[in-house]
Amino acid sequence: MTWLVPLLVLVPLLGAAVALGLLRHQKLQRAITVVVLVVALAVAATLMVLVDHHGTIVVQVGGWDAPYGISLVVDRLSALLLTVSASVLLIVLLFSIGQGLAADDGEAPVTIFYPTYLVLAAGVLDSFIAGDLFNLYVAFEMLLVASYVLITLGGSEQRVRAGTTYIVTSLIASAIFLAAIGLVYGATGTVNIAQISERVADLPEHVQLLLHTMLLIGFGIKAAVFPLAFWLPDSYPTAPAPVTAVFAGLLTKVGIYAIIRLETVIFPGPQLNNVLLVVAVLTMVVGVLGAVSQTDVKRLLSFTLISHIGFMVMGVGLGTVAGTAAAVFYTVHHIVVQTTLFLVSGLMERVGGTTSTRSLGGLLKAAPLLAALYLIPAFNLGGIPPFSGFIGKLGLFRAAAEDGSPLAYVTIAAGVVTSLLTLYALMRVWDAAFWRPKPAAEAAAPHATTAEPHAALRSPEPAPLTVSEETGEAFHPGGSVTVTDAPHASSASRPTTGSTEAVGEAPTKVRLPRMLVGVTTVAVLRIRRPHRGRRPALRVREPRSGVARVAGPVRAGRPRR
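Definitions and limits used
Residues numbered from 1 in each chain as written. Predicted model: local features only at pLDDT ≥ 70, side-chain atom pairs only at ≥ 80, totals over all residues. Heavy atoms only, no water. Phe/Tyr/Trp six-rings, centres within 6.5 Å; stacked < 30°, edge-to-face > 60°. Helix = DSSP H or I, 4+ residues; strand = E, 2+ residues; numbered from the N terminus. Buried < 20%, exposed > 50% of the residue type's maximum accessible area, 1.4 Å probe, protein only. 1 Å grid on protein atoms, 1.4 Å probe; cavity = no way out; pocket = protein on both sides within 12 Å on 5 of 7 lines; lining within 4 Å. Points joined across faces, edges and corners; volume = space filled by probe spheres on them. Nonpolar A, V, L, I, M, F, W, Y, C, P; charged D, E, K, R; others polar. Expected span 1.5 Å × (residues − 1). Contact = heavy atoms within 4.5 Å. Salt bridge = Lys/Arg side-chain N within 4 Å of Asp/Glu carboxyl O. Core = buried A, V, L, I, M, F, W, Y, C linked by side-chain atoms within 4.5 Å. pLDDT = per-residue confidence, 0-100.

Turning to the packing of aromatic side chains, a few remarks are in order. This model, assessed by the stated rule, comprises 16 aromatic pairs. Ring geometry for Tyr148 against Tyr166: centres 6.1 Å apart, planes inclined by 80 degrees, an arrangement best described as edge-to-face. A residue pair is termed long-range when its members are at least 10 positions apart, and Tyr148 in helix H5 (residues 133–151) and Tyr166 in helix H6 (residues 157–188) qualify at 18 residues. Residue classification places Tyr148 among the buried positions, given a relative accessible area of 15%. Where Trp231 meets Tyr236, the ring centres are 5.7 Å apart and the plane angle is 75 degrees; that geometry is what we call edge-to-face. In this structure Trp231 comes out as buried when scored by relative accessible area, which is 4%.

This is the structure in structure tokens:
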């Protein structure tokens with residue numbers, strides 16, 4: 001059954017090619033994408049059963065043995081992650097089809113979404129079966145190229161800016177990883193992971209440290225560990241909801257998987273274990289503090305994503321079987337829960353029109369099922385028993401307690417604080433979005449959504465001018481622009497404020513922006529009223545001195561008879 005292993009990569013790539021050729025047939029594209037992911041899930045599940053009963057499966061592509069050929073390896077860890085990843089990819093695709101979110105806002109080329117999504121799936125699945133470092137690099141580049149397209153779908157200014165940050169950071173990580181591969185090959189004569197693990201012990205200690213550090217930095221950027229996670233909170237929230245869910249659930253876990261392989265196969269010793277524990281503590285604490293300070297649901301979830309990456313790094317850094325097992329369990333748990341929360345945030349945006357907690361409200365009455373869909377994974381991520389989050393954290397804390405070192409107990413304390421603050425941040429969203437009623441201002445007027453991030457910065461439409469029949473002046477209710485039919489009168493004889501009796505409301509003393517003055521001038525040109533042969537002029541009252549200055553004559557239309 002070794003022929004099943006290459007199908008995990010070949011089937012999505014062939015499906016992407018076919019879907020790309022059917023650009024004008026979206027229904028066929030959609031059907032092909034669903035069928036391909038169903039086949040990938042079936043293959044992954046079959047391999048998981050086979051590996052559990054018969055042991056590790058190794059395939060040498062093309063019949064070329066290592067170190068010259070490409071090795072594909074499926075063991076219990078990779079089979080488990082293959083099955084979970086294929087399930088998540090299929091579920092997110094069905095979600096995007098059901099909600100009509102594949103193109104998000106109608107601006108994205110939906111015909112590109114499906115083939116790009118399949119290329120992303122091929123890259124993710126290939127990462128889990130790569131048996132050599134160079135094939136792992138190719139898998140990383142495959143999924144990253146697809147992610148470049150998906151994160152900028154729609155071409156909005158905000159997405160392009162976020163995509164630029166994501167692309168530059170990913171290219172730096174890829175360059176570091178590629179340089180590390182070259183150094184590893186120069187030092188050991190191979191890039192096969194199994195052979196590297198046999199030969200690396202013969203290298204000088206400082207060479208081992210250099211190779212270990214470079215590989216760890218490259219994988220750490222992809223896994224979004226502190227301080228290499230600066231790019232994530234600004235990149236993920238801008239993408240469409242299905243894309244963000246896949247990125248949060250799978251792309252960072254590919255980096256965690258690479259770190260697990262690095263620390264358990266290539267460098268199994270305690271060389272950098274303490275460094276990993278310190279990084280884990282900082283990742284947990286800094287990430288959750290960033291989450292607590294957010295008012296946007298997607299950005300808050302992005303920071304919780306970073307903080308809980310620290311739990312997985314904590315298990316790997318302990319360097320024990322119990323710690324690694326707990327890290328693997330927590331990785332699977334986090335893939336499912338974090339993906340669910342990002343999908344729910346997309347539904348919240350769809351129902352409430354925004355992801356800002358300042359504008360959301362009343363969702364408990366508007367969508368009770370959505371409230372339950374948010375509350376359950378929120379409790380899970382916070383570590384409330386009997387959910388999987390509690391079981392995973394309990395396993396990590398027990399492994400740290402068995403280690404017994406002071407640094408291990410520090411990680412336990414950081415984990416407890418992170419769990420409590422995570423629960424606090426998620427319940428604050430629950431209170432703002434679901435429990436409290438919708439804010440009155442938001443209920444009365446439409447609010448800016450994340451699809452239009454600069455809508456709040458647009459200039460408001462000027463209110464219509466009100467003309468006083470007694471004084472012949474036109475007043476703007478929100479400013480101090482007036483039009484008078486006595487352009488040559490002295491400042492003392494001209495009124496500087498409107499007639500409250502005629503207008504009904506005195507104008508405010510706030511000076512209008514110059515842009516609105518120009519807009520108001522255009523509006524004044526359309527005012528037609530008999531002026532006994534005089535030409536009205538635009539007067540702008542100075543807010544402090546009260547002296548009106550004439551901006552220039554305005555040609556009046558013919559009086560109506």
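Time to look at the layout of surface pockets. In this model, the second largest pocket occupies a volume close to 380 Å³. Together, 21 residues line the second largest pocket, and Gly69, Ile70, Ser71, Asp132 and Asn135 are the ones closest to its centre. When contributions to the lining of the second largest pocket are tallied by element, the ones reaching two or more residues are helix H1 (4–21), strand E2 (70–74) and H5. Per element, the largest residue contribution to the lining of the second largest pocket is four residues, and it comes from H5. A breakdown of the residues in the lining of the second largest pocket according to their chemical character gives 14 nonpolar, five polar and two charged.

Taking 1.5 Å as the rise per residue, helix H8 (residues 205–223) with 19 residues should run 27 Å; its terminal C-alpha atoms sit 26 Å apart, in good agreement. Those residues of H8 not exposed but buried are Gln208, Leu211, His212, Met214, Leu215, Leu216, Gly218, Phe219, Gly220, Ile221, Lys222 and Ala223. Those residues of H8 that are buried are in contact with H5, H6, helix H10 (241–266), helix H11 (273–292) and helix H12 (297–318). Immediately downstream of H8, the backbone of Ala224 shows phi near 65 degrees, a positive value.

Attention shifts here to helix H15 (residues 368–382). The end-to-end C-alpha separation of H15 is 21 Å, in line with the 21 Å expected for 15 residues at 1.5 Å each. Considered for burial, the residues of H15 that qualify are Leu370, Ala371, Tyr374, Pro377, Ala378, Asn380, Leu381 and Gly382. Buried residues belonging to H15 abut H12, helix H13 (321–352), helix H14 (363–366), helix H16 (388–403) and helix H17 (406–435). One or two steps after H15, the chain reaches Gly383, where phi turns positive at roughly 90 degrees.

Bringing the pattern of salt bridges into the picture now. A complete count under the given rule lists four salt bridges for this structure. Residues Arg299 and Asp234 are paired through a salt bridge, measuring 2.9 Å at the closest nitrogen-oxygen approach. Within this pair, whereas Arg299 is found in helix H12, its partner Asp234 is found in helix H9 (residues 232–235), the two being separated by 65 residues in sequence. The exposure class assigned to Asp234 is partly exposed, which follows from its relative accessible area of 44%. The residue Glu349 makes a salt bridge to Lys298 at a minimum N-O spacing of 3.2 Å. Linking Glu349 in helix H13 with Lys298 in helix H12, this pair joins segments that are 51 residues apart in sequence.

Quick look at the environment of Phe311 now. Considering the arrangement of structural elements, one finds Phe311 in helix H12. Taking the C-alpha atoms as reference points, Phe311 and Ala414, 103 residues apart in sequence, are found 9.6 Å from one another. The residues touching Phe311, leaving out its near neighbours within four places in the chain, are Met284, Tyr330, Lys393, Leu396, Phe397, Gly415, Thr418 and Ser419.

If you look at the biggest cluster of nonpolar residues, it comprises 146 residues, and the most contacted ones within it are Val74, Phe219, Tyr236, Met348, Tyr374 and Phe434. The dominant element in this core, judged by the number of residues it contributes, is H10, at 15 residues. With residues up to four places along the chain from it excluded, the contact list for Tyr236 reads Tyr166, Trp231, Thr244, Phe247, Ala248, Leu251, Thr252, Ser302 and Leu305.

For the rest of this paragraph, the subject is the side chain of Thr244. Along the polypeptide, Thr244 turns up in helix H10. Apart from residues no more than four positions distant in its own chain, Thr244 is found in contact with Tyr236, Ala239 and Phe342.

This next bit is on the confidence of the model for the protein chain. Detailed reading of the predicted coordinates is not advisable wherever pLDDT falls low. Model confidence for the protein chain is summarised by a mean pLDDT of 78, while 76% of its residues fall at 70 or above. Per-residue pLDDT stays below 50 along residues 101–109; that stretch engages in 21 contacts with residues further than four places along the chain or on separate chains.

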